[in-house]
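Per-entry structural report
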Amino acid sequence: MDAEAQESFRDFVANRSSALLKTAVLLSGGDRHAGEDLLQNALIKAAGRWHRIDEPEAYVRQILYRQQVSRWRLKWPRRELSVAEPPETGTDPDGSAAAELRLVMRGALARLTARQRTVLVLRYYEDLPEAEVARILGCSVGTVRSTTHRSLARLRALAPELAALGPADAGQQRPPRDYSTVEVRS
């Protein structure tokens, strides 16, 4: 890599690594160390092809996604790390509710399978359309839809406390619609 490409790569890493690390940590189920490893491997792969990359961030994100897919396709899954539940916090006017929501969400995401977590991160954190997620994961759009549906259902079952942290009207159901026959007079 020549000096100009090295400088360009260093600038990219300095400017975009924190955003890329957030995605990597989410893809890793909230495990910061695994996320750092995932990002480091992606940056190493990108550095080797840096002079041929047109859109560096898209290229590195694609590597992150594919590496994570490869991890959950491994023959021997990694051992699960058990951690204590986050401590309860009191009502705090300085925005601790948002921090609590992040902790609960991180814990809930960590309890999903790697595939479920990856689909939710790509769909809702990365805000990618279903077709793009299907292309990245190498599956059909229907598989993305069904996996998203099952993942959200499991997330709700694993962490019912998320409903209490969401909007006030999130727990309210809409009244049933009346589909009875209506007579129209002309």
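Remember, it's a predicted structure, so these values are computed and weren't measured experimentally.

**Points about the environment of lysine 45**
Here lysine 45 is to be found in helix H2 (residues 32-48). Separated by 15 residues in the primary sequence, lysine 45 and valine 60 have C-alpha atoms spaced 8.4 Å apart. Other than its neighbours up to four places away in sequence, lysine 45 contacts Ile63 and Gln67.

**Re the packing of helix H1 (residues 3-27) against helix H3 (residues 56-72)**
The contact between H1 and H3 brings their axes to 11 Å, and the two run at 25°. With respect to each other, H1 and H3 are oriented roughly parallel. Of the two possible hands of crossing, H1 and H3 adopt the one that is right-handed. Only Pro56, Glu57, Val60, Arg61, Leu64, Tyr65 and Gln68 of H3 make contact with H1, whose side of the interface consists of Phe12, Arg16, Ala19, Leu20, Thr23, Ala24 and Leu27.

**Focus: the side chain of arginine 123**
With respect to the helices and strands, arginine 123 occurs in helix H5 (residues 114-125). Buried charge without a salt bridge: arginine 123, with glutamate 130 as the nearest opposite-charge side chain at an N-O distance of 4.1 Å. Polar contacts involving the side chain of arginine 123 include one to the main-chain carbonyl oxygen of leucine 128, which spans 2.7 Å. Apart from the residues lying within four places of it in its own chain, the contact partners of arginine 123 are Leu128, Pro129, Glu130, Val133, Val144 and Thr148.

**Focus on the nonpolar core**
One finds Leu39, Val60, Leu64, Leu122 and Leu137 to be the most contacted residues of the largest nonpolar core, which totals 29 residues. Elements supplying a minimum of two residues to this core: H1, H2, H3, H5 and helix H6 (130-137). The biggest single contributor to this core is H1, with 8 residues. For leucine 64, the contacting residues outside a window of four places in its chain are Leu20, Ala24, Leu27, Leu38, Leu39 and Ala42.

**What about the environment of arginine 150?**
Mapped onto the elements of the fold, arginine 150 is located in helix H7 (residues 141-158). You can call arginine 150 partly exposed: its relative accessible area is 47%. Along the primary structure arginine 150 and glutamine 116 are separated by 34 residues, whereas in three dimensions their C-alpha atoms are 8.0 Å apart.

**Overview of H2**
Taking 1.5 Å of rise per residue, the 17 residues of H2 would be expected to cover 24 Å, and the 25 Å separating its terminal C-alpha atoms lies within 8% of that figure. Residues of H2 that are buried include every one of Ala34, Gly35, Leu38, Leu39, Ala42, Leu43 and Ala46, and no others. Here the buried face of H2 lies against H1 and H3. Near the N-terminus of H2, the side chain that reaches the backbone nitrogen of histidine 33, with its oxygen 3.2 Å away, is that of aspartate 31.

**A look at the pattern of salt bridges**
The final tally for this structure, using the stated rule, is 6 salt bridges. In this structure, arginine 16 and glutamate 57 form a salt bridge, with 2.7 Å as the shortest nitrogen-oxygen distance. Of this pair, arginine 16 sits in helix H1 while glutamate 57 is found in helix H3, placing the two residues 41 residues apart along the sequence. By relative accessible area, which is 29% here, arginine 16 ends up partly exposed. The shortest N-O distance in the salt bridge between arginine 61 and glutamate 126 comes to 2.7 Å.

Definitions and cut-offs
- Residues numbered from 1 in each chain as written.
- Predicted model: local features only at pLDDT ≥ 70, side-chain atom pairs only at ≥ 80, totals over all residues.
- Heavy atoms only, no water.
- Helix = DSSP H or I, 4+ residues; strand = E, 2+ residues; numbered from the N terminus.
- Contact = heavy atoms within 4.5 Å.
- Axes fitted to C-alpha atoms, helices over the stretch in contact; angles between N-to-C directions.
- Parallel < 35°, antiparallel > 145°, perpendicular 65-115°, else oblique.
- Left-handed = near helix turned anticlockwise from the far one by under 90°.
- Buried < 20%, exposed > 50% of the residue type's maximum accessible area, 1.4 Å probe, protein only.
- Lys, Arg positive; Asp, Glu negative; His and termini not counted.
- Salt bridge = Lys/Arg side-chain N within 4 Å of Asp/Glu carboxyl O.
- Polar contact = N/O pair within 3.5 Å; in protein donor to acceptor, adjacent residues only side chain to side chain.
- Core = buried A, V, L, I, M, F, W, Y, C linked by side-chain atoms within 4.5 Å.
- Expected span 1.5 Å × (residues − 1).

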